[in-house]
Structures are given as structure tokens and as C-alpha cells.
Amino acid sequence: MAIRRLARLVFIAVIFALVTMVASDLAITLNARDRVYTDVDDLPKRQVALVLGTSKYIGKTPNPYYTHRIEAAEALYKANKVSHLLLSGDNAHRSYNEPWTMKRDLLKAGIADNAIHLDYAGFRTLDSVVRAKTVFSLARFTVVSQQFHCERALFLADVNNIDAICYAVASPQGWAGIKIRLREVLARTKAVLDSFILNVKPKFTGPKEPIDGVTATES
């Protein structure tokens, strides 16, 4: 009887976990409706774009996730859709610095140095989104990333009372895209738990670094 009871509890726990994951995934997708743009011409103007970081290379191969985000940031700036780029990513050690790598490539693309701002503590999407508000004093901004990532970022923005929209760039297709999408379901479930159950905060919170010329209400 004890074994049967344990098996029943395990079964219920598995079903509950699956329902939670599916519900979290669907809710985050629906929440982002009408705020994800794929055409530069349709994207509303905002002063700041938050470009979410990732590694430039996978092994020795260029990472298409990175390439598409950098190309999008350049396109938005040159189309006057944004006037500032906040590059947020991981700076885990001296030889790995996502924000500086992004800045270097954007400078090569002709973006003005004074339009580029770096957040070295964007270890997770949560950190990047929340720190944009708490450290850089941004109440409104455009997120730049792949659509699945955009949707999660917009959810985190909503939870933290941030007015965000997203410019979604191309995602890799095929098996690589499927694997990333499955991993995203877990990431979304964690985002919900972090926001409503665990009350997770960014690893580092300050000091404040407002962007010159951008106010909290006009960002």
C-alpha cells in the first residue's frame, strides 16, 4: 500500500509539473501579443533598446543568435527607432565579456560611442530587465532578442512594472531551434516561479547609472 501511495503521489507531482510548464509557456506567449515586432518600419520609436547578450561564438563557430541581435541593434539605431543601446550580458571573467564584445562590434558598425551603454551584470534575463529599471532608471524600452526570448523578457518587464516592447530577430531553424524552444519552456516555468513564488532579485542591484538625456518617464 505504501508503494502504491508513493507511486500515486509521484504521478500527481509529475502531472502538476507538466501542467505548470504548459500553462507558464502559454501564458507568457499570450501576454506578449501585440508587443512583439519583426518589421523595423512597424516598430514604435523609443529612446532606448535593451540588447540581451549571448556568446559571440559557439566553440569556434559564429553564434547566429548573437549575430542577429547585433545586426538588429544596428538597424534600429540607424533607422532612428532608438537613440541609445543598453548592452546587457554576462561578464563572468576577464576573457568572457558579452557587453564589451557587443560594443566593439557595434562601434565597428558605425554606432556612436556615446549612444552605447554597458550593463556588465546581466547574468540572466531577469537581471537585464530589472536592472534596466533599477540601475539605469528606464521605465520604457525596446528589447532586442529572438521572439521566444522576447516573450519571456516582456513577462518579466510586466511583473516589474516596466513598459516594454520587443523587436524580435530571426531564430535558428531545424533541430537546433527545437532544442532551444524546449529549453525555453523550462526557462519560462522558472521565470514564473522566480517572480511569484521565490521572489528572486538581480544578483547585483546598484549603484544607479542613469543614461544621460534619458529620463525615467521618457525612456
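Note that the structure is a prediction, hence the values are computed from the model and not measured.

**Q** Would you mind going over the overall build of the protein chain with me for this structure?
**A** The helix and strand inventory of the protein chain stands at 6 helices and 8 strands. For the protein chain, the N- to C-terminal ordering of α and β elements is α-β-β-β-β-α-β-α-β-α-β-α-β-α. Here the protein chain has a C-alpha radius of gyration of 19 Å; the compact-globule value for 219 residues is 17 Å, and the two agree. Per-residue burial for the protein chain yields a buried fraction of 46% across its 219 residues. A separation of at least 24 residues holds for 76% of the contacts in the protein chain among residues at least 6 apart in sequence. Element-wise, carbon and sulfur atoms account for 60% of the exposed surface of the protein chain, whose accessible area totals about 11,800 Å². Side chains of the protein chain carry 29 positive and 21 negative charges; the gap between the two charge centres is 8 Å.

**Q** Help me out: how do you make sense of the packing of aromatic side chains in this one?
**A** The description of an aromatic ring pair uses the distance of the two centres, along with the angle that the planes make with each other. For the structure shown, the criterion picks out 3 aromatic pairs. Pairing Tyr65 with Phe148 gives two aromatic rings, centres 6.3 Å apart and planes at 80 degrees, and the pair type is edge-to-face. You can see Tyr65 sitting in helix H2 (residues 64-78) and its partner Phe148 sitting in helix H5 (residues 147-159), a full 83 residues away along the chain. One exposure class covers both Tyr65 and Phe148, and it is buried. The ring of Phe123 carries Lys203 above its face, with NZ or CZ at 5.3 Å from the centroid.

**Q** Explanation requested: the pairing of strand S8 (residues 163-169) in the structure shown.
**A** Consecutive side chains along a regular strand alternate between the two faces of the sheet. Most of S8 sits inside the fold, with 6 of its 7 residues counted as buried. Note that strand S1 (residues 36-37) and S8 share 2 bridges and pair parallel. Within the sheet, the bridge partner assigned to Val36 lies in S8 and is Cys166. Assessed by its sense of winding, the connection that carries the chain from strand S7 (residues 140-146) through H5 to S8 is right-handed.

**Q** Even after reading the chapter, I still don't get the sheet that holds S8, so can you show me in this structure?
**A** Strand pairing within a sheet occurs via backbone hydrogen bonds; the two strands may be parallel or antiparallel. Sheet architecture is open: 6 strands sit in the order S1-S8-S7-S2-S5-S6, paired in parallel fashion. Each of the sheet's edge strands pairs with one partner strand only, and the pair in question is S1 and strand S6 (116-119). Strands strand S2 (48-52), strand S5 (84-88), S7 and S8 of the sheet are contacted by H2, whose axis makes an angle of about 145 degrees with S7.

**Q** How do you make sense of the nonpolar core when you look at a structure like this?
**A** In summary, soluble globular proteins display a tendency toward joint burial of nonpolar side chains. With 29 residues, the main nonpolar core has Val129, Leu138 and Phe141 as its most contacted residues. Among the secondary structure elements, those contributing two or more residues to this core are S2, helix H4 (125-134), S7, H5, S8 and helix H6 (174-196). Here the element with the most residues in this core is H5; it accounts for 6 residues. Among the nonpolar cores identified, the runner-up in size contains 23 residues, and Ala49, Val51, Ala72 and Leu85 belong to it.

**Q** Which parts of the structure should I look at to understand the pattern of salt bridges?
**A** Where charged atoms from two side chains of opposite charge approach closely, those side chains can pair. According to the stated counting rule, one finds 14 salt bridges in the structure shown. When the shortest N-O distance is used, the salt bridge between Arg46 and Asp163 registers 3.2 Å. A residue pair is termed long-range when its members are at least 10 positions apart, and Arg46 in the loop between S1 and S2 and Asp163 in strand S8 qualify at 117 residues. For Asp163, a relative accessible area of 35% translates into the label partly exposed. Across the pair Lys78 and Glu74 runs a salt bridge whose closest N-O atoms are separated by 2.9 Å. Here Glu74 and Lys78 lie together in helix H2, a separation of 4 residues that amounts to about one turn. The network of salt bridges with shared partners includes Asp25, Glu151, Arg152, Arg181, Glu184 and Arg188.

**Q** Explain the state of the cysteines to me, please; I cannot follow it from the model alone.
**A** Scanning the model with the defined rule gives 1 disulfide in all. The disulfide bridge from Cys150 ends at Cys166, spanning 1.7 Å between sulfur atoms. Taken together, the residues Cys150 in helix H5 and Cys166 in strand S8 connect sequence positions 16 residues apart. Each of the two residues, Cys150 as well as Cys166, counts as buried.

What counts as what
Residue numbers run consecutively from 1 along every chain, following the written order of its sequence. Owing to the predicted nature of the model, reporting of local features is limited to residues with pLDDT of at least 70; listing and counting of side-chain atom pairs is limited to 80 or more, with chain, interface and lining totals taken over all residues. Only hydrogens and water are removed before side-chain values are computed, so all heavy atoms of the structure are retained for them. Numbering of helices and strands runs from the N terminus, with a helix taken as a DSSP run of H or I at least four residues long and a strand as a DSSP run of E at least two residues long. Atoms considered for the radius of gyration are the C-alpha atoms alone. The globule rule reads 2.2 Å times the number of residues to the power 0.38. Per-residue accessibility, obtained with a 1.4 Å probe over protein chains only, is compared with the maximum for each type, and a residue is labelled buried under 20%, exposed over 50%, and partly exposed between these values. Residue contacts are counted whenever heavy atoms from the two residues lie within 4.5 Å of one another. Exposure was quantified through the Shrake-Rupley algorithm and a 1.4 Å probe, taking into account, for residues, occlusion by the shown protein chains and nothing else. The sign given to each residue is positive for Lys and Arg and negative for Asp and Glu; His and the chain ends receive no count. We put the charge of a Lys on NZ, of an Arg on CZ, of an Asp on CG and of a Glu on CD. Classification of ring pairs rests on two measures: the distance between centres of Phe, Tyr or Trp rings, Trp counted by its six-membered ring, which must be within 6.5 Å, and the angle between planes, read as stacked under 30 degrees, edge-to-face over 60 and tilted in between. The criterion for a charge sitting over a ring is simple: Lys NZ or Arg CZ within 6 Å of the ring centre, and within 35 degrees of the ring normal. A strand pair is defined by DSSP finding two or more bridges across the two strands. Assignment of crossover handedness uses the view with strands pointing away from the viewer, where a clockwise path from the first strand over the helix to the second indicates a right-handed crossover. For helices, the fitted axis covers only the stretch in contact; all axes are lines through C-alpha atoms, and the angles between them, taken along N-to-C directions, range from 0 to 180 degrees. The set of buried Ala, Val, Leu, Ile, Met, Phe, Trp, Tyr and Cys residues whose side-chain atoms join them within 4.5 Å is what this entry labels a nonpolar core. Between Lys or Arg on one side and Asp or Glu on the other, a salt bridge is scored when a side-chain nitrogen of the former is within 4 Å of a carboxyl oxygen of the latter. Two cysteine sulfurs form what is called a disulfide whenever their separation falls within 2.5 Å.

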